[in-house]
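# Examining the three-dimensional arrangement
Here are the chains, one letter per residue:
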Amino acid sequence: MAVIEFQGVSKSYSGDTLAVDNLDLTIAEGEFMVFVGPSGCGKTTALRMVAGLEEITDGTIMIGDRVVNDVSPKDRDVAMVFQNYALYPHMSVFDNLAFGLKLRKVSKDETKRRVLRAATTLGIEEYLDRKPRALSGGQRQRVAMGRAIVREPRAFLMDEPLSNLDAKLRVQVRAEIQTLQRTLGITSIYVTHDQTEAMTMGDRIAVMRDGRLQQVDAPDRVYERPANQFVAGFIGSPAMNMVRARLTHADGAWVVHFGEHSLVLDDATLRERPALAGYVGKDVILGIRPEHFSQGEGVPPDRTIATILTLRESLGSEVLLHFPIVAGDTTATFVARVDPQSTAREGEPMRLTVDTKRMYFFDPERGAAIY
């Protein structure tokens, strides 16, 4: 195991295209760190710089107590698991697992011991004589993981390893990777564009955008207290609803207005977000997560909004209700996640309760969260 450090790391192409911009991040020994963000945000480039597959333009990368900027990939003592498995089709599973050890001139007995141990850990010992083409996608992914395990590296680097699997298998292998990493305790960096993978797998997640680190923290913390509008919109599915609004304070009441709707802020919201006091009479971006809507009777009008249902999506365990919010010259489509017993029907009026303790606010110019 080893600590991995990015110290002011940047990567540029053609002199002016920054793929990674001044990345500062420390990944603790044994930690499972997930890099997440949209395509082109720099997460894979950051991973490849740790592996030595991309040169660093500026800054320093350390693995343990060693600067690895100029260390060749084979000497960094890390193992990478690729998106496309990268197995040798003409070799058996055993030979695929053993190949890296043979290159390092590990003895035959030690090679066999490591291969059998990894195969047993991953439940693929019965496939050791088969070729990759005879395996399912999930089995091939386990072989790719096994090839990394047998090397007994200081760190695992995983680049979208589940993207080629179907949805059901992805959930299964995701759980297997988590269990394996915790069992082995090896420092791991995992790259994905899937925020569900990030939320369920990482000890911490690093959210990236346009080469810059937006926020790094425990998944629950990122979800509950996003640093900015981008993180709030990216983490969570369906995405957080957002609309431009105005904050007022009169007769002891704090009210947020958007279009024809007005909601009174809960005292807890004000205690947790004292900086809102500086936005009285100003525009803000209001954010409400889909799960913070509900339907029910007896709720004060200043905690509800009246609207028309435009689309109902039944997912079995929950229902997604789509409805318009008109604010000024723009119309935003909001989504509410409610109980499957909801009787709301498309084209009919409905009233939704908002959990006003869970509303979010962002600076409309900077996008920073207001706390």
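Preceding this section is the structure that the text describes.
Quick notes on the rules
- Residue positions are given per chain, counting from 1 as you read along its sequence in written order.
- Residue-level local features of this predicted model are given only where pLDDT is at least 70; pairs of side-chain atoms are given and counted only at 80 or more, and the full residue set underlies all totals for whole chains, interfaces and linings.
- The side-chain figures draw on all heavy atoms in the structure; neither hydrogens nor water molecules are used.
- Helix and strand labels come from DSSP, where a helix needs a run of H or I of at least four residues and a strand needs a run of E of at least two; each type is numbered from the N terminus.
- Under the scheme applied here, a residue whose accessible area is under 20% of the maximum for its type counts as buried, over 50% as exposed, and between as partly exposed, the area being computed with a 1.4 Å probe on protein chains only.
- Contacts between residues were defined by any pair of non-hydrogen atoms, one from each residue, lying within 4.5 Å.
- For accessible areas, the Shrake-Rupley method is used with a probe of radius 1.4 Å. Any residue's cover is judged against the shown protein chains and nothing else.
- Charge convention: Lys and Arg are scored as positive, Asp and Glu as negative, and His as well as the terminal groups of each chain are ignored.
- All charge positions are set by atom: Lys at NZ, Arg at CZ, Asp at CG, Glu at CD.
- If DSSP finds at least two bridges between two strands, the strands pair.
- Axes, fitted as lines to C-alpha atoms, cover a helix only where it is in contact. Angles between the N-to-C directions of the axes lie from 0 to 180 degrees.
- Oblique is the label for every angle not falling under 35 degrees (roughly parallel), over 145 degrees (roughly antiparallel), or within 65 to 115 degrees (roughly perpendicular).
- In this scheme the handedness of a crossing depends on how the near helix is turned from the far one: anticlockwise by less than a right angle means left-handed, clockwise means right-handed.
- Any residue outside Ala, Val, Leu, Ile, Met, Phe, Trp, Tyr, Cys, Pro, Asp, Glu, Lys and Arg is labelled polar, Gly included; the first ten of those are nonpolar and the last four are charged.
- Counted as salt bridges are all cases of a side-chain nitrogen of Lys or Arg within 4 Å of a carboxyl oxygen of Asp or Glu.
- Polar contact criterion, stated in full: a pair of N or O atoms within 3.5 Å, where within protein one must be able to donate a hydrogen and the other to accept it, and residues adjacent in sequence count only if both atoms are side-chain atoms.
- For this analysis, a nonpolar core means a set of buried residues of the types Ala, Val, Leu, Ile, Met, Phe, Trp, Tyr and Cys, connected via side-chain atoms within 4.5 Å.

### Overview of the overall build of the chain
When helices and strands are tallied, the chain shows nine helices and 21 strands. Per-residue burial over the chain gives 50% buried out of 371 residues. Taking the contacts inside the chain whose residues are at least 6 apart along the sequence as the reference set, 67% of them involve residues at least 24 apart. Taken as a whole, the chain presents about 17300 Å² of accessible surface, with 48% of it coming from carbon and sulfur. One way to put it: in the chain the 45 positive side-chain charges average out to a point 6 Å from where the 49 negative ones average out.

### Regarding unusual backbone geometry
Backbone geometry follows two general trends: most residues other than glycine have a negative phi, and most peptide bonds adopt the trans configuration. Omega for the peptide link from Ser237 to Pro238 comes to -5°, which places this bond in the cis form. For Pro238, the position within the fold is in the loop between α8 (229-234) and β11 (241-250). Here Glu160, not a glycine, exhibits a phi torsion of approximately 45°, which is positive. By secondary structure assignment, the location of Glu160 is in the loop between β7 (155-159) and α5 (167-184).

### Remarks on helix α1 (residues 43-51)
Extensive coverage of α1 is indicated by the burial of seven of its nine residues. Residues of α1 that are buried include every one of Lys43, Thr45, Ala46, Leu47, Met49, Val50 and Ala51, and no others. Positive backbone phi, at 90°, marks Gly52, one or two positions downstream of α1.

### What to know about helix α2 (residues 93-103)
Buried within α2 we find Val93, Asn96, Leu97, Ala98, Gly100 and Leu101. Buried-residue contacts for α2 involve α3 (108-122) and α4 (137-149). Directly beyond the C-terminal end of α2, a positive phi value near 60° is found at Lys105.

### Description of the sheet that holds strand β16 (residues 304-308)
Here three strands make up an open sheet; going across it, the order is β15-β20-β16 and the pairing antiparallel. Strands with a single pairing partner mark the edges of an open sheet, and in this sheet they are β15 (293-294) and β16. Bridge analysis of β15 against strand β20 (residues 349-354) gives two bridges, and the strand direction is antiparallel. Bridge pairing in β20 links Ser294 to Thr353.

### Concerning the packing of α4 against α5
α5 packs onto α4 with a crossing angle of 20° between their chain directions and a minimal axis gap of 11 Å. Of the possible angle classes, the one that applies to α4 and α5 is roughly parallel. In the crossing of α4 with α5, the sense of the turn from one axis to the other is right-handed. Contacts between α4 and α5 involve Gly137, Gly138, Gln141, Arg142, Met145 and Ile149 on the former and, on the latter, Leu169, Gln172, Val173, Glu176, Ile177, Leu180 and Leu184. Looking at the contact of α4 with α5, its residues break down into seven nonpolar, four polar and two charged.

### A few points about the side chain of Arg289
Note on placement: Arg289 falls in the loop between β14 (283-288) and β15. Summary of buried charges: Arg289 has no salt-bridge partner, and the nearest side chain of opposite charge, Glu291, is 4.7 Å away. Within the local environment of Arg289, its side chain forms a polar contact with the backbone oxygen of Tyr223, the two atoms lying 3.1 Å apart. Within polar-contact distance, the side chain of Arg289 engages the backbone oxygen of Ile235 at 2.9 Å.

### What to know about the pattern of salt bridges
Per the counting criterion, the structure on display carries 23 salt bridges. We note a salt bridge from Glu31 to Arg204, for which the minimum N-O separation is 2.5 Å. Here the residue Glu31 occupies a position in the loop between β2 (17-27) and β3 (32-36), and Arg204 occupies one in strand β9 (residues 204-209), the gap between them amounting to 173 residues. According to the relative accessible area criterion, Glu31 is buried, its value standing at 8%.

### Some remarks on the sheet that holds strand β1 (residues 4-13)
If you walk across this open sheet you meet the four strands as β2-β1-β4-β5, and the pairing is antiparallel. The open sheet has two edge strands with one neighbour each: β2 and β5 (66-67). Bridge count between β1 and strand β4 (residues 58-63): five bridges; the pairing is antiparallel. Note on β4: the bridge partner recorded for Glu5 is Met62. Across the sheet, α1 is in contact with β1, β2 and β4; its angle to β1 comes to roughly 115°.

### Thoughts on the pairing of strand β13 (residues 261-264)
In summary, the side chains of a regular strand alternate between the two faces of the sheet. In the sheet, strand β12 (residues 253-258) pairs with β13 via four bridges, with the strands oriented antiparallel. Directly across from His257, in β13, lies its bridge partner Ser262.

### Digging into the nonpolar core
Judged by nonpolar contacts, the single largest core of 45 residues is most densely connected at Met158, Ile177, Tyr190, Val207 and Ile235. Considering each element in turn, this core owes the most residues, five residues, to α4. Those residues in contact with Ile235 that lie beyond four places of it in its chain are Gln195, Met199, Ile205, Val207, Val222, Tyr223 and Arg289. Judged by nonpolar contacts, the second largest core, of 33 residues, contains Ala245, Val284, Ile325 and Ala332.

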